[in-house]
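# Per-entry structural report
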Amino acid sequence: MYTSGKYSSRGPALIPRMKTKHRIYYITLFSVVLLGLIATGMFQFWPHSIESTADWTLDKRSVHDAPLIRLPVSSPIPERGDLSCRMHTCFDVYRCGYNPKNRIKVYIYPLQRFVDELGVPISSTGLSREYNDLLSAISDSDFYTDDVTRACLFIPSIDVLNQNSLRIRETAQALAMLPRWDKGMNHLLFNMLPGGPPDYNTALDVPRDRALLAGGGFSTWTYRQGYDVSIPVYSPLSADVDLPERQPGPRHYFILSSQTAIHREYRAELERLKEENGEALLLLDKCSNLSQGAASARKRCYKGQVYDYPQILQESSFCVVLRGARLGQAALSDVLQAGCVPVILADSYILPFSEVLDWKRASVVIPEEKLPEMYTILKSIPHRQVEEMQRQARWFWEAYFSSMKAIGLTTLQIINDRIYPYAARTYEQWNNPPVVKWSSVNSPLFLPLIPPRAPGFTAVVLTYDRVESLFRVITEISKVPSLAKLLVVWNNQNKSPPEETLWPKISVPLKVVRTKENKLSNRFFPYDEIETEAVLAIDDDIIMLTSDELQFGYEVWREFPDRLVGYPGRLHLWDHEMGKWKYESEWTNEVSMVLTGAAFYHKYFNYLYTYKMPGDIKNWVDAHMNCEDIAMNFLVANITGKAPIKVTPRKKFKCPECTAIDGLSLDQTHMVERSECINKFASVFGTMPLKVVEHRADPVLYKDDFPEKLKSFPNIGSL
């Protein structure tokens, strides 16, 4: 007990003495650790940038707080501007590099106030609201980067939207002082009101070296196609006036002119049209009895009657947009917003975003000299087409004209599509409203129905071991002028291709690809070696086609790149007795398929066949070693809704030296399976997509009694 009592008497006395001695130490240590954690967290999560001055936003920095930069009189001035500039000569695409999102990075210079040596600013207005909105929209977009080293495109914070407010020489000197100017390489300037009195140039007069120009009034003389971007002149009414969308259809007036201060000759001609057509045409002008100001800008008058502008534009089917002192007019934006079809009379004017927008679907462009015939021209347009154009006009405004944000981001997207063409937006994406389906657009295939850019075609020959016949085919195909490359798909895994020295010597590249398995679908694989858009699929026993026949087939395909264009034609029929489809190979006037043993098609279909073929069709073809050509016909017809095109009169395609052992198509069971294929494919597709036509494409004069030298394709062959 004594020991216990001694311990209990000392213990309580020691504890308070330790707390008193170390209390301050522990509290201080805890406080330091806590403050350190708070400071670390604030530094980690507080918004900051490595190059903070590059973070562009007016919310954080006022224009008045921007640093002042004085321009010495001797400051260098950029060159006037190189009219020969193109993307491959004046733009460094290597700055953009590869990135997984295929999106350029845009850097905006920090705000600065430039003044001359006397302290006079280079601009009378400073930073306009419109340019502020434009830069803010870009800084909030996925294009923006605050890391100058990652930038592909540079945008100065110098406002050159309106040339009237600029001192030309001093603005050019300010541009040249930008740290990464480098003669304007990869720099983009936005200008909507170019030129000045008396000549009103159609491009910005500020010397700008090689900089790209997004301009609002380009003519064919100043526009550098594929380099500059034609943009609209923004209308302030877009933000101030809310015009609800009006349903397409007939309007109170047929033609309306609302522009003020147009040339007296144009006005005289419009007045004459008004006299001839009466109430169908409304000719408005500014109101002389109203005081000048914002209110009068939204009014138009005709013989003392006042109309609200731009609301009155919705009361007309067509609205005239005439050139003024400048080619680009803000009235175009107002007309589109109203859903009125613009009638544009401005010779040599480059329409906004015409690089990607199909203006024929939303406007009528008439030469200025045809102004007296305007009423007759517009009356010839069907009502249904006018309604579609009204709808398209409104959508163009909503998507591309409605705000400075829309204008700026559309400009960047166009430049982005140039730099990453393989990821570019398609014609349909640019021109088709996302919701509305147009009756005039029938083909869902995203291929332009124009001759392709890539010259020539690639011949793909599928072979197994018929070497002698293969070499004859290669020799004949090599005579075709448009052949760009020949690709041999060697489908025999048990036998090697002939030695290189044994192959025919031809003038185009010849490449042999060895497959891992013997599959018929190998002929439609999207090989990297196929660089042209046109592909000629041909069997190794098709030795009877002449070079004229093949060249003519390629020329036909160039006019119809979304079709299968081939030589052997076949037909599918409905067997009423059996209640199913039947494959027909007899000679008839009707065609619903062309065999891919000799056919041209777009390489796009190789990707669809390999990766997007419905159901188990591809595997079924490979398992049965049959019907790959029928499957391709089903695929193309289902996507395009169009029939194939048979070319030249030849109907017989049998190889004279081939035996039943050599060829698949000579087996008796082969023909029976062809009918089974059609029924199976129709079941998988859920419909019968094949289209029957009575059509054949032949060269002009091929049968006429003319000298052979007058015929483009004299050796077309016979049945």
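Our structure's up above, just so we're on the same page.
Read on for a plain summary of the structure. (Residues numbered from 1 in each chain as written. Predicted model: local features only at pLDDT ≥ 70, side-chain atom pairs only at ≥ 80, totals over all residues. Heavy atoms only, no water.)

Following P197, the chain continues into P198 via a peptide bond in cis, with omega recorded as 5 degrees. For P198, the position within the fold is in the loop between β5 (188-191) and β6 (212-215). In this model, Y309 is joined to P310 through a cis peptide bond whose omega is 10 degrees. Along the chain, P310 falls in the loop between β11 (305-308) and β12 (316-322). At F353, a residue that is not glycine, the phi angle is positive and equals roughly 55 degrees. Turning to its location among the elements, F353 is positioned in the loop between β13 (341-345) and β14 (364-365). (Helix = DSSP H or I, 4+ residues; strand = E, 2+ residues; numbered from the N terminus.)

This part is about the pattern of salt bridges. Here the structure, examined in full by the defined rule, presents 27 salt bridges. For K299, the salt bridge goes to D308, with nearest N and O atoms at 2.4 Å. For K299, a relative accessible area of 26% translates into the label partly exposed. Note on D308: relative accessible area 42%, which makes it partly exposed. K642 is the partner of D562 in a salt bridge, and the nearest nitrogen-oxygen pair spans 2.6 Å. In this pair, D562 is assigned in the loop between α14 (547-559) and β19 (565-566) and K642 in the loop between α17 (628-640) and β24 (645-647), connecting sequence segments 80 residues apart. (Salt bridge = Lys/Arg side-chain N within 4 Å of Asp/Glu carboxyl O. Buried < 20%, exposed > 50% of the residue type's maximum accessible area, 1.4 Å probe, protein only.)

Glancing now at the environment of A203. Structurally, the position occupied by A203 is in the loop between β5 and β6. By relative accessible area, A203 is classed as buried at 5%. Filtering out sequence-adjacent residues up to four positions away, A203 remains in contact with Q163, P194, G195, R208, L213, F218 and T222. (Contact = heavy atoms within 4.5 Å.)

Taken by themselves, the reported measurements are silent on function.
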